[in-house]
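# Observations on the model geometry
Chain by chain, the residues run as shown.
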Amino acid sequence: MKIIILGAGQVGGTLAEHLASEHNDITVVDTDGDRLRDLGDRLDIRTVQGRGSFPTVLRQAGADDADMLIAVTNSDEINMVACQVAYTLFHTPTKIARVREAAYLTRAGLFDNEAIPVDVLISPEQLVTNYIKRLIEYPGALQVIDFAEGKAQLVAVKAYYGGPLVGQQLRQLRQHMPNVDTRVAAIYRRDRPILPQGDTVIEADDEVFFIAAKGHIRAVMSEMRRLEDSYKRIVIAGGGHVGERLAEAIESRYQVKIIEMNPGRCRALSETLDSTVVLQGSSSDKDLLVEENINEADIFLALTNDDEANIMSSLLAKRLGARKVMSIINNPAYVDLVQGGEIDIAISPQLATIGALLAHVRRGDIVSVHSLRRGAAEAIEAIAHGDAKSSKVIGRAIEDIALPPGTTIGALVRDEEVLIAHDDTVIEAGDHVILFLVDKKYIRDVERLFQAGLTFF
């Protein structure tokens, strides 16, 4: 596939790295020559220096015969104009734009071929808001991912001493919960992946990824660790787009406070939000945190755009007694350094954005792609098309499907029913198949499995 990426920042650069490793023809456009040289030295890609919305620059990048344009510069306006130019002058089949500003996103009819021709809109702030909201709903979870519009969920938890299943074989899950069907998709032990078998013994501190119907998630979590009490009091540091959207989404169910430095922004938040308490000040001000009883907070969320400020305020909140601390970390190099210590969960907007982008680039009918373990693994939702003659998966039991190494099928969603995958489970046409990949180099092999042959067409 011939793909033009506009923007060589963290999202554009990481996306180029993903796609170039999968044998796509990638060209990256940016005004920053140093960034482009760095990418060009590391990856097998073309680079073009210039403004991505200019017709001459797009033509130089190969827009005349490109299959896809992905506009992820830091400017909403450049991203939108670039899609317009690609549509009008080059008839680019698929145009994807990252748009952050809610003022654009809330206008119905703005993004279609009669107005601004964007085929797929990616809103990082909304993706991160949804991600955090799911973590709040499941106390103790490290990651929560929806599949098939939320019918099934993949959840990561750390197994604790004292959990009913810790020290026992996985096959005993069924004995512990005879009315709950679930599957452990992967286990990470001391940062190394273990493909689970029936005789695999769960150890304390294992990071366990399991999949189940949404209504069964809490029951399975209780087997791995003592269930935490539901959250009630939430403090958000940073009243930007993510902080505001999150407060708006949860304030009817939780006691929410926002700490924001900018007085004008504080006034705007007070007018917009219903029950959220808005405080003007610095989240790294110890006196303010003490005065606001941060030791009684169930969650402290650092959601500013400044990684260093987020880390400092998170560490302070944790030391002052906040029960759980989560922080946005924009620089991927920081994520592994901070998560699991005093900061319980590090949230990467880049990984959330890249997962959403990859779902529209993968071959085969890939519905969603999610980065796991800070990008080390992936979970994919694919739809099985065709029939037993044209498809490599339809009509076959899971034990008879030649899955790539390190790949497991966790569940199927058939119409409204979630079917946990077992060896004798047979895949039917139209099934949403949820797969877990420990090694992303086999992505192309998974895509091929879900591409129907010519007899289907």
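Residues numbered from 1 in each chain as written. Predicted model: local features only at pLDDT ≥ 70, side-chain atom pairs only at ≥ 80, totals over all residues. Heavy atoms only, no water.

Named according to an unreviewed UniProt entry, the protein chain is Trk system potassium uptake protein TrkA originating from Pseudomonas cavernicola. Within the UniProt record for the protein chain, the comment given under Subcellular location (unreviewed entry) is "Cell inner membrane". (UniProt positions renumbered as here; feature names shortened; annotations may be inferred.)

The next thing to look at is empty space enclosed by the protein. Empty space among the atoms can be located by rolling a probe the size of a water molecule over them. Evaluated as defined, the whole model comprises two cavities of 30 Å³ or more. Counted as a void, the largest cavity has a volume near 40 Å³. Taken together, the residues of the lining of the largest cavity break down into eight nonpolar, two polar and no charged. Of the domains in this structure, domain 2 (128-224) and domain 4 (352-450) are the two that each give at least three residues to the lining of the largest cavity. In this structure, the second largest cavity spans a volume of roughly 40 Å³. Residue lining of the second largest cavity: Lys133, Ile136, Glu137, Ala249, Ile250, Arg253 and Tyr254, and that is the complete set. For the lining of the second largest cavity, the secondary-structure elements that each account for two or more residues are helix 6 (124-137) and helix 9 (241-250). (1 Å grid on protein atoms, 1.4 Å probe; cavity = no way out; pocket = protein on both sides within 12 Å on 5 of 7 lines; lining within 4 Å. Points joined across faces, edges and corners; volume = space filled by probe spheres on them. Nonpolar A, V, L, I, M, F, W, Y, C, P; charged D, E, K, R; others polar. Domains from an automatic or database assignment. Helix = DSSP H or I, 4+ residues; strand = E, 2+ residues; numbered from the N terminus.)

Turning our attention to the domain arrangement of the protein chain. Taken domain by domain, the protein chain consists of domain 1 (2-122), domain 2 (128-224), domain 3 (233-347) and domain 4 (352-450). Computed from C-alpha atoms alone, the centre-to-centre distance between domain 1 and domain 3 is 33 Å. Counting residues at the interface gives five residues for domain 1 and five residues for domain 3. Roughly 320 Å² is buried in total at the junction of domain 1 and domain 3, and carbon and sulfur atoms are behind 40% of that figure. (Contact = heavy atoms within 4.5 Å. Buried area = accessible area lost by both parts, 1.4 Å probe.)

Contact geometry of helix 1 (residues 10-20) with helix 14 (residues 349-358) gives a least axis separation of 10 Å together with a crossing angle of 50°. When the axes of helix 1 and helix 14 are compared, the pair comes out oblique. In this structure, helix 1 crosses over helix 14, and the sense of that crossing is right-handed. Across from Gln10, Val11, Thr14, Leu15, His18 and Leu19 in helix 1, the residues of helix 14 making contact are Gln350, Thr353, Ile354, Leu357 and Leu358. When its residues are assigned to classes, the contact of helix 1 with helix 14 shows six nonpolar, five polar and no charged. (Axes fitted to C-alpha atoms, helices over the stretch in contact; angles between N-to-C directions. Parallel < 35°, antiparallel > 145°, perpendicular 65-115°, else oblique. Left-handed = near helix turned anticlockwise from the far one by under 90°.)

Now for the side chain of Lys324. Take Lys324: it is sitting in strand 16 (residues 324-328). By relative accessible area, Lys324 is classed as buried at 11%. Here Lys324 is in contact with Gly140, Glu228, Tyr231, Asp298, Ile299, Phe300, Lys318 and Asp344, once residues within four sequence places are set aside. (Buried < 20%, exposed > 50% of the residue type's maximum accessible area, 1.4 Å probe, protein only.)

Within strand 19 (residues 377-383), seven of the seven residues are buried, leaving the element largely enclosed by the surrounding structure. Residue alternation in strand 19 divides its side chains into two sets, Ala377, Ala379, Glu381 and Ile383 and Glu378, Ile380 and Ala382, and both sets are buried. Pairing of strand 18 (residues 366-372) with strand 19 involves six bridges; the strand directions are antiparallel. Within strand 19, the position partnered with His370 by the bridge is Ala379. One ladder, built from six bridges, connects strand 19 with strand 22 (residues 432-437); its direction is antiparallel. Bridged to Ile380 within strand 22 is Leu435. (Pairing = 2+ DSSP bridges.)

This part takes up the layout of surface pockets. A volume near 880 Å³ is recorded for the largest pocket. Contributing elements (two or more residues each) for the lining of the largest pocket: helix 1, strand 2 (25-30), helix 6, helix 9, strand 13 (255-260), helix 12 (307-319) and helix 14. Residues that form the lining of the largest pocket fall into these classes: 15 nonpolar, 26 polar and seven charged. The residue makeup of the lining of the largest pocket includes at least three contributed by each of domain 1 (2-122) and domain 3 (233-347).

Sheet strands line up and pair through hydrogen bonds in the backbone, either parallel or antiparallel. Read from one edge of the open sheet, five strands run 18-19-22-20-21, paired in antiparallel fashion. Both edges of this open sheet fall to strand 18 and strand 21 (417-420), since each of them pairs with a single strand only. Taken pair by pair, the neighbouring strands of this sheet meet at an average axis angle of 20°, ignoring direction. Of the strand pairs in this sheet, strand 20 (residues 407-414) and strand 22 are connected by six bridges, and their pairing is antiparallel. Among the inter-strand pairings, Val413 is bridged to a residue of strand 22, identified as His432.

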